[in-house]
Amino acid sequence: MKLDRRWFLKLSGMATLSGGCRPAWGSPPPAAAPSPVLVILEMLGGNDGLNTVIPYSEATYYDQRPTVAVAEDEVRPLDDRLGLHPGLVAWEPLWSGSEMAVVLGVGYPDPDLSHFRSTDIWRGGSTAPVIATGWLGRYLETLYPDYPDVRPEAPLAIEVKSADTLLLRGQNQGMGMAVNDPEALYQLTSGWLTVHQTPAPAGRAGDELVFVRSLAETSSVYAEKIYSAFTAAVNAVSYPATPLATELSMVARLIAGGLATPVYSVLLSGFDTHVEQSQVHPGLLRTVAGAVAAFLADLDALGIADQVVLMTMSEFGRRVRDNGSGTDHGTAAPLFLFGRNVRGGFCGAQPDLRDLDDAGNMIHVVDFRQVYASVLQQWFGATPALAAEILAGDFPPLPLFVTTGKKNSGAPTRMPPMRRQPTSRREPADGLELITRRHRVP
Amino acid sequence: MDRRELLTLAVTGRKQAGRRRDPAPSPHQKISAGLEPYRPTTQQPWNRRRAAHLLRRARLGPPRRSEIDRFMKLGPAEAVAELFRFPPSPVLPAWADEPVELPLDFEAEYRMRQELVTWWLRQAYVDGSIRERLVFFWSNHFVVEMEKVFVARLILSINRLFRDAAAGDIRDLTKRVGQNPAMLIYLDGNLNTKYGINENYARELLELFTMGRSHYTQTDVTEAARALTGWRINPTLLGAYRHPLLHDNGQKTFLGHTGNWNDEDIVDIIFGQRATAVFLAGRIYRHFVSPVADEDLVQALADRLIASDFELEPVLKDLLGSAHFMADELIGSDIKSPIDFLLGVLRQFHATKIDWPFMGLILSVLGQTPFDPPNVAGWPGHRDWLSTSSLPFRQMLAQAVIYPSRLFIMDYHRFLHQLPHPEDPRQLVRHVTTDFLPLALDEQTEAELVAILLGSLPPNQWNPYRPEAMTRVRLFLQAVMQMAEYQLH
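Residues numbered from 1 in each chain as written. Chains lettered and ligands numbered in written order. Predicted model: local features only at pLDDT ≥ 70, side-chain atom pairs only at ≥ 80, totals over all residues. Heavy atoms only, no water.

Draft legend 1. Inspection of the overall build of chain A at higher detail. Across its full length, chain A holds 13 helices and 12 strands. In chain A, which comprises 442 residues, the proportion classed as buried is 60%. A fraction of 77% describes how many contacts in chain A between residues 6 or more apart in sequence connect residues 24 or more apart. Working note: accessible area of chain A is about 16500 Å², and carbon and sulfur atoms make up 53% of it. (Helix = DSSP H or I, 4+ residues; strand = E, 2+ residues; numbered from the N terminus. Buried < 20%, exposed > 50% of the residue type's maximum accessible area, 1.4 Å probe, protein only. Contact = heavy atoms within 4.5 Å. Areas by Shrake-Rupley, 256 points an atom, 1.4 Å probe, with all protein chains shown as cover.)

Structural data, given as structure tokens:
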């Protein structure tokens, strides 16, 4: 049994309290905001791109991968050269419906094979020696330079996990919130006793104090807002029973429920397939494909498909030659974008399997910052100059989005500031009761 | 380079100047004091605040009042020495050395995993020395995850290595970690043979355990992996050996040294690099002093590590007894980990009837499942301990733990008796907040806390021994625990 937060909340009986603690909303939730939403799906550990979009027509692929290659007759062809891993079969309708872009050969110069450094590079949108901020954090900070003194009406970004990551860090603070359970957040922010805040002293301890206070404020200010959106919509399709799918179903509810948050991120780890790759990797891909397919179907059914784009990322691909059981760290790999406004099809080019670097890794064709530049300009409507500032350089965008449909024109959408209403009175949750009630049950 | 400099170096190259708000976001002043011994002065006296700082940083979990008193009386030098007087080694769970039989009995394994957590948390709670803090430090350095290793006896075997080494020889510990079955399983060392090189352990050995990125090449990783080939785990899973037929006996060139190296040779070459001393010094500084790096101090610590031939104890004693460590600015300059948070609550509240398995569960919810860090880099810690997801949970616990529960029962009378003047509401507030919080409070905050304590009662009618007073004290404790200051370490 995995002792995670959800399990604990069940155990503590909190999950059963929703009926009694539902806030009384004064008015129906507003219609879904029309502003563009980006959902990032991180595949942590380094997804084996070569076994994701498979060059099944190349003999070199089979020569180099005696242990982990996917047999030609199992590959789901996308064209006469490349095909999907059979675990991704759920994506075939998205491909044929032109709602799926496959960007081939994505990487960056002088690739770093460390998980941590390469994850920082991808989240940071930078290859600078020191990376202290994330590309989306910088973008949001440009749009909302007065955050958190002036908070917009909804959180700027939600990471569906228990901690913040570099992705959303701005120069001055994190621009996002970690939320993995809107109901729990709502429950847990009730009944706090607050007293006058002694001014923070100058220096390091004072900085930490300000950080904790700001975090507490962000949690309590947005808890009700998030829970209200979450309860205002229900999923229109059923999702696979995986944590990733559950997280994406929550994102769909929040968007459909009218939360104006422009950025969400979810992640799945486990892609570091050094050993027994053929046993592990197919299941991971099935999990990703099933969750994404359900999410897209849900967006469609909820009438918000025009509003949302989902993009995958992974810190690197894997070595061309397998190690007899799995694959070691590599470089370039494909990434995917999904959504009605995505220009379906291939973009970029498949790296040459016979032209490798000294470590036996593929050489990238598309710089990952080109993809980011496309998202910033074509999806969020940022100017080329702003995209260049965010990414510290001019990275030519790729044609990843269709120009028809409800598109952004020029200026990025900004949420209005939050109107500070008196926080609704909520009875303090009886923590003792919450924790112990179910614990007594064997 | 400090945090703020890092931020201004952010990749867009924008300067902080002209950017808004905070009246005076003064850049961090470099702490002028170095590794010279701390000597109490009138400006920087040896007081309860400093004694508590030392105890918080050097042990797992903040101290209770009587421990602060005791360290106060010892004086700074003797207090540091006292931390290194280890109690006898703990009695191990009965199954510690039982050979593992396959197939695994899953029910028994789950039971042992829970016993392991309980056993370790208790040990951390009762140990008055720095030892269990070091066990935690090493387990978050030489990381293995229960999720992958699975067998509790293997996790315990590496936990014992950390306890045996504690403040000892880091080079020797590094060698033994590489030969430990839990690590061989976790980073696939047992699958690394001359017939199929698996780079996983070699890379993390260099990147995360010893040198840090950018001091070696991909070729060094591959060559080290060749030298590490051939380690196999005994059928009982409790030991490992180097299989001569699976070990690559060819010449390897690693960091410029060529020879028929094995795993221990690789570690010796690694520890001959200054980068290793600097990297380890940085880790030690970050854990015990501050997440804001101080390059000069780390270099000085690295010199001492080299001088002590990587014996940790003298270096750590110097650090904890230094004027730098005792600088005012560092007191409360970090964030409590979940283990620190919970063990502190137990000590401060004089907990009785502690439900240890439940404590383990709460740690998971707070983001620190014992023996199961998120990945091979361990818990990042510091600010990463808190998020809009985990902080509300700590706040809710503050509401929960003030009442008797299955969690633990507060010994209210012992709590009162340790305070010099519980009959005076102002003194009660003052004493509790100085013990619990690393930062001082202003008059208004103190006054509001006194008001919470008294409720509608006039101050002269306060009597902490009256039954109804217990509820008031509990509300007051909740308010203290829900202050941001309580999260500081």
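Draft legend 2. Structural context of the pattern of salt bridges. Under the criterion given, the structure shown has 45 salt bridges over all chains. Ionic pairing is found between D112 of chain A and R213 of chain B, a salt bridge with its closest N-O pair at 2.8 Å. Of this pair, D112 of chain A sits in the loop between β5 (100-107) and α5 (115-124) while R213 of chain B sits in the loop between α11 (200-210) and α12 (218-227), on two different chains. Judged by its relative accessible area of 16%, D112 of chain A is buried. Residue R319 of chain A pairs with E199 of chain B through a salt bridge whose shortest N-O separation is 3.1 Å. Linking R319 of chain A in the loop between β9 (308-313) and β10 (333-338) with E199 of chain B in the loop between α10 (181-186) and α11, this pair reaches from one chain into another. For the pair R319 of chain A and E199 of chain B, a shared accessibility class is recorded, and that class is buried. Overlapping salt bridges, with partners in common, bring together R48, R65, D69 and D435 of chain B in one network. (Salt bridge = Lys/Arg side-chain N within 4 Å of Asp/Glu carboxyl O.)

Draft legend 3. A look at the packing of aromatic side chains. As enumerated under the stated definition, the model contains 31 aromatic pairs over all chains in all. Look at F436 of chain B and Y486 of chain B: their rings are 6.2 Å apart centre to centre, the planes differ by 55 degrees, and that puts the pair in the tilted class. Residue F436 of chain B is located in helix α21 (residues 425-436), and its partner Y486 of chain B is located in the segment after α23 (469-481); the two are separated by 50 residues in the primary sequence. Here F436 of chain B falls in the buried class, since its relative accessible area comes to 6%. Judged by relative accessible area, which is 0%, Y486 of chain B ranks as buried. Above the ring of F230 of chain A, the side-chain terminus of R253 of chain A is found at 3.7 Å from the ring centroid. If you follow K336 of chain B out to its NZ or CZ, it ends over the ring of Y486 of chain B, 3.5 Å from the centre. (Phe/Tyr/Trp six-rings, centres within 6.5 Å; stacked < 30°, edge-to-face > 60°. Lys NZ or Arg CZ within 6 Å of the ring centre and 35° of its normal.)

Draft legend 4. Representation of the sheet that holds strand β3 (residues 76-77) of chain A in the model. Residues and elements named next belong to chain A. Strand order across the open sheet formed by 3 strands is β2-β4-β3, with antiparallel pairing between neighbours. Each having just a single partner strand, β2 (53-54) and β3 make up the two edges of the open sheet. In the sheet, β2 pairs with strand β4 (residues 83-84) via 2 bridges, with the strands oriented antiparallel. Within β4, the residue paired with V53 across the bridge is L84. (Pairing = 2+ DSSP bridges.)

Draft legend 5. Focus on the pairing of strand β1 (residues 37-44) of chain A. Residues and elements named next belong to chain A. A large share of β1 lies buried, amounting to 8 of its 8 residues. Burial along β1 is two-sided: V37, V39, L41 and M43 and L38, I40, E42 and L44, pointing in opposite directions, are all buried. Relative to strand β8 (residues 263-269), β1 runs parallel, the two sharing 7 bridges. Bridging across to β8, M43 finds its partner in L268.

Draft legend 6. Layout of the confidence of the model for chain B. Model confidence for chain B is summarised by a mean pLDDT of 92, while 94% of its residues fall at 70 or above. Here residues 1-26 of chain B is modelled with pLDDT under 50, and outside its nearest four sequence neighbours on either side it reaches 50 contacts, counting other chains as well. (pLDDT = per-residue confidence, 0-100.)

Draft legend 7. Structural context of the interface of chain A and chain B. Facing the 86 residues of chain A at the interface are 86 residues of chain B. The largest per-residue losses of area from chain A upon contact with chain B belong to Q171, L193 and R204 of chain A, which jointly make up 13% of the total buried on that side. Linking chain A with chain B are 5 salt bridges, by the criterion used here. R204 of chain A is the partner of E329 of chain B in a salt bridge, and the nearest nitrogen-oxygen pair spans 3.8 Å. Of all the secondary structure elements, the ones that give two or more residues to the side of chain A that touches chain B are α1 (5-12), α5, α6 (135-143), β7 (177-178), α7 (182-188), α8 (204-232), α12 (384-390) and α13 (431-436) of chain A. In terms of residue count, the dominant contributor to the side of chain A that touches chain B is α8 of chain A (12 residues). A per-class count over the side of chain A that touches chain B returns 40 nonpolar, 26 polar and 20 charged. (Buried area = accessible area lost by both parts, 1.4 Å probe. Nonpolar A, V, L, I, M, F, W, Y, C, P; charged D, E, K, R; others polar.)

Draft legend 8. Structural view of the environment of Q187 of chain A. Residues and elements named next belong to chain A. With respect to the helices and strands, Q187 occurs in helix α7. Residue classification places Q187 among the buried residues on the basis of a relative accessible area of 6%. The sequence separation of Q187 and E224 amounts to 37 residues, and the corresponding C-alpha distance is 9.3 Å.

Draft legend 9. Representation of the environment of D298 of chain A in the model. Residue and element names in this part refer to chain A. Note on placement: D298 falls in helix α10 (residues 277-302). Separated by 50 residues in the primary sequence, D298 and L248 have C-alpha atoms spaced 9.8 Å apart. Every residue in contact with D298, bar those within four places of it in the chain, is listed here: N235, A236, V237, Y239 and A252.

Draft legend 10. Broad picture of the side chain of D334 of chain B. On the secondary structure map, D334 of chain B appears in the loop between α16 (312-320) and α17 (338-348). This buried residue, D334 of chain B, is left without a salt bridge; R57 of chain B holds the nearest opposite charge, at 5.1 Å. A polar atom in the side chain of D334 of chain B sits 2.9 Å from the side chain of H382 of chain B. Among residues more than four places away in sequence, those in contact with D334 of chain B are E208 of chain A together with R57, R286, P291, H382, Q487, L488 and H489 of chain B. (Lys, Arg positive; Asp, Glu negative; His and termini not counted. Polar contact = N/O pair within 3.5 Å; in protein donor to acceptor, adjacent residues only side chain to side chain.)

Draft legend 11. Highlighting α23 of chain B. All names here are of chain B. Under the 1.5 Å per step criterion, the end-to-end length of α23 is 18 Å for 13 residues, consistent within 8% with the ideal 18 Å. Those residues of α23 not exposed but buried are A469, V473, R474, F476, L477, Q478, A479, V480 and M481. Tucked into the core, α23 has its buried residues touching α17, α19 (390-400), β6 (409-410), α20 (412-417), α21 and α22 (443-454). (Expected span 1.5 Å × (residues − 1).)

Draft legend 12. Seen up close, the pairing of β5 of chain A. Residues and elements named next belong to chain A. Taking burial as the measure, the 8 residues of β5 include 8 buried ones, the bulk of the element. By the bridge criterion, 5 bridges tie β5 to β10 in an arrangement that is antiparallel. When the bridges of β10 are listed, V103 appears paired with L335. Two strands pair when backbone bridges link them, and β5 and strand β11 (residues 345-348) are joined in this way by 4 bridges, in the parallel orientation. Residue pairing for β11: L104 is matched across the bridge by G348. Note: β5 against strand β12 (residues 366-367), 2 bridges, orientation parallel. Its bridge partner lying in β12, G107 is registered against D367.

Draft legend 13. Up close: helix α5 (residues 106-126) of chain B. The end-to-end C-alpha separation of α5 of chain B is 30 Å, in line with the 30 Å expected for 21 residues at 1.5 Å each. In this structure D105 of chain B caps α5 of chain B, since a side-chain oxygen of it lies 3.2 Å from the backbone nitrogen of E107 of chain B.

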